[in-house]
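What follows is the residue order along each chain.
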Amino acid sequence: MLKMTHLSKVYRTEVVETYALRDFNIDVKEGEFVAVTGPSGSGKTTFLTIAGLLETFTGGEYHLDGIEVSNLNDNARSKIRNEKIGFIFQAFNLIPDLNVFDNVEVPLRYRGMKAPERKQRIMDALERVGLASRYKHYPAELSGGQQQRVAIARALAGSPRLLLADEPTGNLDTQMARGVLELLEEIHRDGATIVMVTHDPELAARAQRNVHIIDGQVVDLSVDPRFHAAHHAASEAHG
Amino acid sequence: MNLPIRPILVALRRHKAGTVLIALQIALTLAIVCNALFIIHARLANLSEASGVDEPNVFVIKNQWAAERPTAQVDAQVQADLLALRQLPAVRDAAPASGYPLQGGGWDNLVTLTPDQTHPITDSAVYTSDEHFIDTLGARLVAGRNFRPDEVMVMGTQQSITPPTVIVTRALADKLFPGGHALGKSFYAMGTTPSTIVGIVDPLHRQGVSQWNKAYAGQALIWPLRADDARGIFYIVRAKPGQLAAAMREAPKALYAQSRMRIIDPKDGVQDYAAIRHKVYDSDRGMAILMGIICAVLLAITAAGIVGLTSFWVGQRRKQIGVRRALGARQRDILAYFLTENFLISAAGVLLGVVLAVAFNLWTVTRFELDRMSLAYVGVGVLVLLLLGQGATFAPALRASRVSPVEATRSV
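Please read these numbers as outputs of a predicted model, since none were measured by experiment. (Residues numbered from 1 in each chain as written. Chains lettered and ligands numbered in written order. Predicted model: local features only at pLDDT ≥ 70, side-chain atom pairs only at ≥ 80, totals over all residues. Heavy atoms only, no water.)

S.K.: Would you mind going over the overall build of chain B in detail, with residue names and values included?
M.R.: Each helix and strand in chain B was counted, giving 11 helices and 13 strands. Computed over C-alpha atoms, the radius of gyration of chain B comes to 31 Å, more than 25% over the 22 Å expected from 2.2 N^0.38 for 412 residues, which places it beyond the range of a compact globule. Counting every position in chain B, which comprises 412 residues, the buried fraction comes to 51%. Summarising the internal contacts of chain B: among those between residues at least 6 apart in sequence, 82% fall at separations of at least 24. Taken as a whole, chain B presents about 18300 Å² of accessible surface, with 62% of it coming from carbon and sulfur. Computed over 41 positive and 30 negative side-chain charges, the inter-centroid distance for chain B is 18 Å. (Helix = DSSP H or I, 4+ residues; strand = E, 2+ residues; numbered from the N terminus. Rg over C-alpha atoms; globule rule 2.2 N^0.38 Å. Buried < 20%, exposed > 50% of the residue type's maximum accessible area, 1.4 Å probe, protein only. Contact = heavy atoms within 4.5 Å. Areas by Shrake-Rupley, 256 points an atom, 1.4 Å probe, with all protein chains shown as cover. Lys, Arg positive; Asp, Glu negative; His and termini not counted. Charge placed at Lys NZ, Arg CZ, Asp CG, Glu CD.)

Quick look at the structure:
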């Protein structure tokens, strides 16, 4: 589903080159629920933005659903983002001027979908996240958990092949976070491929597989003592 | 492209202040620009308005007497002057006059059909001259006859004489006696003595060109009077074709040869119609330029307002734009979003502007008797404002379209 090979991302200034990702390799199979963890500044978000085609990379290869994306132009990248990827952001990123219905509608409009189909998909997605009755509400009228559910509905409405979640519970309290996580697990059980970036070991432990990034590279927990302890602690917590 | 008109309208409802202000600015600009364009066009059209004068061959001498004399002496001098002028080889004809078309200012009288009528029917410009006036101007007598020499009366300073015969313009004849048949009919334009219409000329412009008298445009009467004002008189001279320059050179010499007791200003005492027309429409030209500048400034201010508001909104919604891009918006979708948003605001503005423009014009029609504005001006104004809006939005919208989708992941 998502395969990066020897991928690198370099930020260059006049005097310095900074590697955000270096010789980065990852292979996420269809239907997997993968948690990407790592300390702050390790490159998690950079990985996610490249995986979501939000920005380009410097070297290596990236195949998304069998398509080599490095040479795609902006329109083609937008089309893939729209049709194959669903985003869930830490800050929800709902559009404050639009109500719940219109927020969920945004990606469907960019797909050029007809109004009746859009409406059906929006209501189905809102039904799934338990907010169908709130479709006329504005984001400011909802709790954080509800806003994140709307964001999930927005990501789901387009039936994406890949769901990318960036710290999806980072702005939520424990109870709301649990609800959102259960929703993600349910979505995964229904067959979606989910890649979730998180620094929360407890959250990561709920995923099928954990990928750890440090200094812009995927590291193997089994041989890296720095993350061994953290891995065990997380496992025991959910044991 | 699936234009998100409903969501844009919904979003605009939550940004009422900026939206309403820009729409109002567009409305006011449209109302002012439409009417200004109309006035500019009317003023520019005036510049080529028909005077009824054979302008390439006619010139005017402003003759001031150097000393006051009795009316009889003045009249004798005037007759001698006219004879001298008419005898010049380059001159076809010459006439005395109290005023001339496109002079600027002039003599107007109110006109009634009965001597005791309290509400005048209309207003008419008044010319006084002799039987040479029509030929000298090159005006066209379309009905009736010219004055006979014996009908020409002499009127001295402070005197008030109403001749029994009059020649009127077609416009005045139609106003007084709609449906034609004005010849032989009488009216009152000064005192209680009627004047009977013996001839009709068409066209003959008034002395003044003021827009405020537009309703009376073309309404003029000619009385057979030599108004021998002790201060001075106008001599209108028609040169033979191609001999204008020679006639203008020789005419003052001929007059000075008759008598040195006169003043003909060497600078503008002798003026051909090109100079007369240029001078009298100076204010029209100035007004057209001023209106043009006002229009340009207003349009520039409106464009600046739109650029400012759109730039502000783009800056304010940078994250939102990034989110839209992340969700699949192409650059052209973002561009279209802002252009559509501006179009909707501009459309609301121009709708209100059309109402204001027409209302303002109706006010000027009733208040100043100006013409009704053609809706073509409103159409042009609407088009200009809509294009201006789109043009002013384009640069900030283009900047917005270049916002990277990665903005969606940046914290505020």
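Anyway, onward from the coordinates.
S.K.: Describe helix α2 (residues 74–84) of chain A, with residues and values.
M.R.: Every buried residue belonging to α2 of chain A is among Arg 77, Ser 78, Ile 80, Arg 81, Asn 82 and Lys 84 of chain A, and all of these are buried. At the N-terminal boundary of α2 of chain A, the capping side chain belongs to Asn 73 of chain A, with an oxygen 3.2 Å from the backbone nitrogen of Asn 75 of chain A. (Polar contact = N/O pair within 3.5 Å; in protein donor to acceptor, adjacent residues only side chain to side chain.)

S.K.: Lay out the sheet that holds strand β7 (residues 162–166) of chain A with the relevant residues and their values.
M.R.: Think of a sheet as strands paired side by side through backbone hydrogen bonds, with each pair either parallel or antiparallel. Residues and elements named next belong to chain A. The six strands are arranged β6-β7-β8-β3-β9-β10 in an open sheet whose pairing can be described as mixed. The outermost strands of the open sheet, each flanked by one partner alone, are β6 (85–88) and β10 (217–219). Across the sheet, the mean angle separating the axes of adjacent strands is 25° when strand polarity is ignored. Where strand β9 (residues 209–214) and β10 come together, three bridges link them in antiparallel fashion. Note on β10: the bridge partner recorded for His 212 is Val 219. (Pairing = 2+ DSSP bridges. Axes fitted to C-alpha atoms, helices over the stretch in contact; angles between N-to-C directions.)

S.K.: Break down the packing of helix α4 (residues 115–128) of chain A against helix α5 (residues 144–157) of chain A for me, citing the residues and quoting the values.
M.R.: Residue and element names in this part refer to chain A. Remark: α4 packs on α5, axes separated minimally by 8 Å, with the N-to-C direction vectors making an angle of 135°. Our classification of the angle between α4 and α5 gives oblique. In the crossing of α4 with α5, the sense of the turn from one axis to the other is right-handed. In this structure, α4 contributes Arg 121, Ala 125, Leu 126 and Arg 128 to the contact, and α5 contributes Ala 153, Leu 156 and Ala 157. Tallied by class, residues from the contact of α4 with α5 come to five nonpolar, no polar and two charged. (Parallel < 35°, antiparallel > 145°, perpendicular 65-115°, else oblique. Left-handed = near helix turned anticlockwise from the far one by under 90°. Nonpolar A, V, L, I, M, F, W, Y, C, P; charged D, E, K, R; others polar.)

S.K.: I'd love a proper account of helix α10 (residues 331–368) of chain B, names of residues and values included.
M.R.: Here α10 of chain B spans 52 Å end to end across 38 residues, near enough to the 56 Å set by a 1.5 Å rise per residue. Just beyond α10 of chain B, the residue with positive phi is Glu 369 of chain B, at close to 55°. (Expected span 1.5 Å × (residues − 1).)

S.K.: Can you explain the interface of chain A and chain B? Please cite residues and give values.
M.R.: In this complex, chain A contributes 28 residues to the contact, which on the side of chain B involves 27 residues. Summing both partners gives a buried area of about 2500 Å² for chain A against chain B, and 53% of it is carried by carbon and sulfur. Run the count over chain A and chain B and you get three salt bridges. Here Glu 105 of chain A and Arg 6 of chain B are joined by a salt bridge, their closest N and O atoms 3.4 Å apart. The interface formed by chain A and chain B contains 10 residue pairs in polar contact (both at pLDDT 80 or more). The set of elements that each furnish at least two residues to the side of chain A that touches chain B consists of α1 (44–51), α2 and α3 (100–110) of chain A. The element best represented in the side of chain A that touches chain B is α3 of chain A, accounting for seven residues. (Buried area = accessible area lost by both parts, 1.4 Å probe. Salt bridge = Lys/Arg side-chain N within 4 Å of Asp/Glu carboxyl O.)

S.K.: Tell me what's going on with the pattern of salt bridges, and back it up with residues and numbers.
M.R.: Under the counting rule described, the total for this entry stands at 36 salt bridges over all chains. Across the pair Arg 206 of chain A and Glu 185 of chain A runs a salt bridge, and its minimum N-O distance is 2.7 Å. Of this pair, Arg 206 of chain A sits in the loop between α7 (201–205) and β9 while Glu 185 of chain A sits in helix α6 (residues 174–189), and the two are 21 residues apart along the sequence. Given a relative accessible area of 28%, Arg 206 of chain A falls into the partly exposed group. Residue Arg 86 of chain B pairs with Asp 93 of chain B through a salt bridge whose shortest N-O separation is 3.5 Å. According to the relative accessible area criterion, Asp 93 of chain B is buried, its value standing at 8%. Connected through salt bridges with shared partners, the residues Asp 102, Glu 105, Arg 109 and Arg 118 of chain A together with Arg 6 of chain B form a single ionic network.

Note that all results are geometric; they support no functional claim without further evidence.
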